[in-house]
Each structure stands twice: as C-alpha cells, then as structure tokens.
Amino acid sequence: QVQLVESGGGLVQPGGSLRLSCVASGSFFSIYAMGWYRQAPGKQRELVADITSGGRRNYADSVKGRFTISRDNAWNMVYLQMNSLKAADTAVYYCKSEAALSATMVRRDYWGQGTQVTVSS
C-alpha cells in the first residue's frame with residue numbers, strides 16, 4: 001500500500017504564501033505522476049497541479065503564474081508553492097499519487113487525507 005501524508009496548510013492572509021508538502025511511504029514498486037487537488041465547501045474536487053516522474057507539469061488555469069509544483073523523486077515527495085493567495089483558494093488540498101505495488105501490478109491512484117488552506121483577512 002501507499003500512504004500519503006500532507007503538511008503545510010493553515011490560515012494565511014490574501015496575498016500571502018504557503019508551501020504544501022506531501023510524502024509517499026509504504027511498500028511499492030514505483031511512484032509515477034503526483035499531484036495536488038482541492039475541494040472547497042459545496043464544490044467538486046478539482047485538479048490544482050500535477051507533475052510526472054519526468055518533471056512535466058500541468059496547472060489549472062486559476063493557479064497559473066501563482067502556484068508551482070515540484071517533486072523530489074529520491075524522497076517520494078511532492079510540493080506545492082502557493083503565492084499571491086486569494087480567498088478563492090480556500091479549500092482542503094489533497095495529495096494524489098499514481099503508483100504500482102509491483103512491476104506486474106497495474107497503476108492506481110492513492111490519496112492523502114487532505115490539509116486545510118484558509119485564505120482570509
């Protein structure tokens with residue numbers, strides 16, 4: 001299994017910054033794409049950003065130019081640097097990882113428990 005643990009959420013004023021971290025642990029063969037999703041109250045979970053094992057990045061239009069995703073493959077970690085935060089960024093942020101438990105098993109997605117980000121003055 002793969003366990004994902006997020007950290008770094010909290011309360012920040014509009015215009016501020018936060019850095020989220022997520023570490024993958026457990027017994028697995030390989031980690032592939034990793035990403036961040038968010039879910040605001042009353043809304044569906046949406047992609048924020050993801051990154052392949054080779055470093056190709058993809059961002060939601062709403063965060064382009066403000067958020068940066070990165071990863072450390074040696075430590076199975078993914079980060080989300082969030083700058084110029086807005087009230088609309090308030091949500092629970094979830095880490096997702098695509099992984100295979102062995103060389104012959106299919107890949108599947110694993111999710112963290114989420115970390116709350118609140119942007120408010």
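Everything below is about the structure shown above.
These numbers were taken from a predicted model, which means no experiment stands behind them.

(A) Layout of the overall build of the protein. The number of helices and strands found in the protein is 0 helices and 11 strands. If you list the helices and strands of the protein from N to C, you get β-β-β-β-β-β-β-β-β-β-β. Relative to its length of 121 residues, the protein is compact, with a C-alpha radius of gyration of 14 Å against a globular reference of 14 Å. Seen through its principal axes, the protein has C-alpha atoms that stretch 50 × 25 × 25 Å. Sorting the 121 residues of the protein into buried and exposed places 40% on the buried side. In the protein, 55% of the contacts between residues at least 6 apart in sequence involve partners at least 24 apart. Roughly 6500 Å² of accessible area belongs to the protein as shown, and the carbon and sulfur atoms make up 48% of that amount. Here the protein contributes 13 positively and 8 negatively charged side chains, and the mean placements of these two sets differ by 2 Å.

(B) Representation of the pattern of salt bridges. Within the structure shown, the criterion is met by 6 salt bridges. Here R38 makes a salt bridge to E46, at a shortest N to O gap of 2.8 Å. A relative accessible area of 6% means that R38 is categorised as buried. A salt bridge links D109 to K96; the nearest nitrogen and oxygen atoms lie 3.5 Å apart. On the criterion of sequence distance, the pair formed by D109 in strand β10 (residues 108-111) and K96 in strand β9 (residues 91-100) is long-range, its members being 13 residues apart.

(C) Focus on the side chain of K96. We classify K96 as buried; its relative accessible area is 17%. There is a polar contact of 3.1 Å between the side chain of K96 and the side chain of Y37. Of the polar contacts made by the side chain of K96, one reaches the side chain of D109; its length is 3.5 Å. With residues up to four places along the chain from it excluded, the contact list for K96 reads L4, A33, M34, G35, Y37, D109, Y110 and W111.

(D) Structural detail: the packing of aromatic side chains. Per the counting criterion, the structure on display carries 1 aromatic pair. Where Y37 meets W111, the ring centres are 5.0 Å apart and the plane angle is 65°; that geometry is what we call edge-to-face. In this pair, Y37 sits in strand β4 (residues 30-39) while W111 sits in strand β10, placing the two residues 74 residues apart along the sequence. On the accessibility criterion, Y37 (15% relative accessible area) is buried. Residue W111 is classed as partly exposed on the basis of its relative accessible area of 35%. Directly above the aromatic system of W111 lies the positively charged group of R45, at a separation of 4.7 Å from the ring centroid.

Rules and cut-offs
- Residues numbered from 1 in each chain as written.
- Predicted model: local features only at pLDDT ≥ 70, side-chain atom pairs only at ≥ 80, totals over all residues.
- Heavy atoms only, no water.
- Helix = DSSP H or I, 4+ residues; strand = E, 2+ residues; numbered from the N terminus.
- Rg over C-alpha atoms; globule rule 2.2 N^0.38 Å.
- Buried < 20%, exposed > 50% of the residue type's maximum accessible area, 1.4 Å probe, protein only.
- Contact = heavy atoms within 4.5 Å.
- Areas by Shrake-Rupley, 256 points an atom, 1.4 Å probe, with all protein chains shown as cover.
- Lys, Arg positive; Asp, Glu negative; His and termini not counted.
- Charge placed at Lys NZ, Arg CZ, Asp CG, Glu CD.
- Salt bridge = Lys/Arg side-chain N within 4 Å of Asp/Glu carboxyl O.
- Polar contact = N/O pair within 3.5 Å; in protein donor to acceptor, adjacent residues only side chain to side chain.
- Phe/Tyr/Trp six-rings, centres within 6.5 Å; stacked < 30°, edge-to-face > 60°.
- Lys NZ or Arg CZ within 6 Å of the ring centre and 35° of its normal.

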